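# Fold and geometry: a report
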Amino acid sequence: MHQLYLSLGSNLGDRQHTLLQALQLIDERVGSVYRVSSFIETEPWGFESDHPFLNAVCLVHTMMSPELCLEETQQIERELGRTAKSIDGHYHDRTIDIDLLMYDDLTIDTPDLQLPHPRMMERDFVLVPLREIGGTTS
């Protein structure tokens, strides 16, 4: 069984409902959701918007490979209304964003997947909930 940490965020629509739907779909399709942080409201990071985010981090126990986890979380995003991914650091409002943060102690650096997440340590909206569920150093 592998330990996968995911970051979830939403700043459009019924944010709490969307995060709860995402967690349910992750539990059904990726692996057992073992821990979930509190939901925290944060300002958009990397772009201007009048719509604050609701963010959380979860720990999932999975048998899937990191690549399959990425494919499945991207499918969940599409099903929950996400129409476009951020490209070259250009962020925008979105119904749901699911990022793979860490998968065991694995390091991956491919064009499609970087683990641990390369900007994780810059983002309090990731670090605060990650620390809450015991998933980060210091």
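Okay, so let's go over this structure. (Residues numbered from 1 in each chain as written. Predicted model: local features only at pLDDT ≥ 70, side-chain atom pairs only at ≥ 80, totals over all residues. Heavy atoms only, no water.)

### Considerations on the overall build of the protein chain
When helices and strands are counted, the protein chain shows 3 helices and 7 strands. Its C-alpha atoms give the protein chain a radius of gyration of 14 Å, near enough to 14 Å, the size a compact globule of 138 residues would have. Taken along the three principal axes of its C-alpha coordinates, the protein chain extends 40 × 30 × 30 Å. When the 138 residues of the protein chain are sorted by exposure, 46% land in the buried category. Taking the intrachain contacts of the protein chain between residues at least 6 apart in sequence as the baseline, contacts between residues at least 24 apart amount to 67%. Split by element, the accessible area of the protein chain, about 7,400 Å² in all, is 49% carbon and sulfur. (Helix = DSSP H or I, 4+ residues; strand = E, 2+ residues; numbered from the N terminus. Rg over C-alpha atoms; globule rule 2.2 N^0.38 Å. Buried < 20%, exposed > 50% of the residue type's maximum accessible area, 1.4 Å probe, protein only. Contact = heavy atoms within 4.5 Å. Areas by Shrake-Rupley, 256 points an atom, 1.4 Å probe, with all protein chains shown as cover.)

### Re the nonpolar core
Side chains of a nonpolar character, in soluble globular proteins, are inclined to be buried together. Judged by nonpolar contacts, the single largest core of 25 residues is most densely connected at Leu 6, Leu 8 and Ile 26. Broken down by secondary-structure element, the contributors of at least two residues to this core are strand E1 (2–10), helix H1 (15–29), strand E4 (53–62), helix H2 (66–79) and strand E5 (97–103). If we skip the residues at most four places from it in the chain, Leu 8 touches Leu 19, Ala 22, Leu 23, Ile 26, Leu 54, Asn 55, Ala 56, Cys 58, Asp 97 and Ile 98. Counting 11 residues, the second-largest nonpolar core is a separate cluster that includes Tyr 5, Leu 59, Met 120 and Phe 125. (Core = buried A, V, L, I, M, F, W, Y, C linked by side-chain atoms within 4.5 Å.)

### Focus: H2
Across its 14 residues, H2 extends 20 Å between first and last C-alpha, which sits within 8% of the 20 Å expected from 1.5 Å per residue. Every buried residue of H2 is listed here: Pro 66, Cys 69, Leu 70, Thr 73, Ile 76 and Glu 77. What you see down the axis of H2 is that its buried residues fit within an arc of 125 degrees, all on one side. Positioned one or two residues after H2, Gly 81 has a phi angle of 105 degrees, which is positive. (Expected span 1.5 Å × (residues − 1). Arc of directions from axis to C-beta.)

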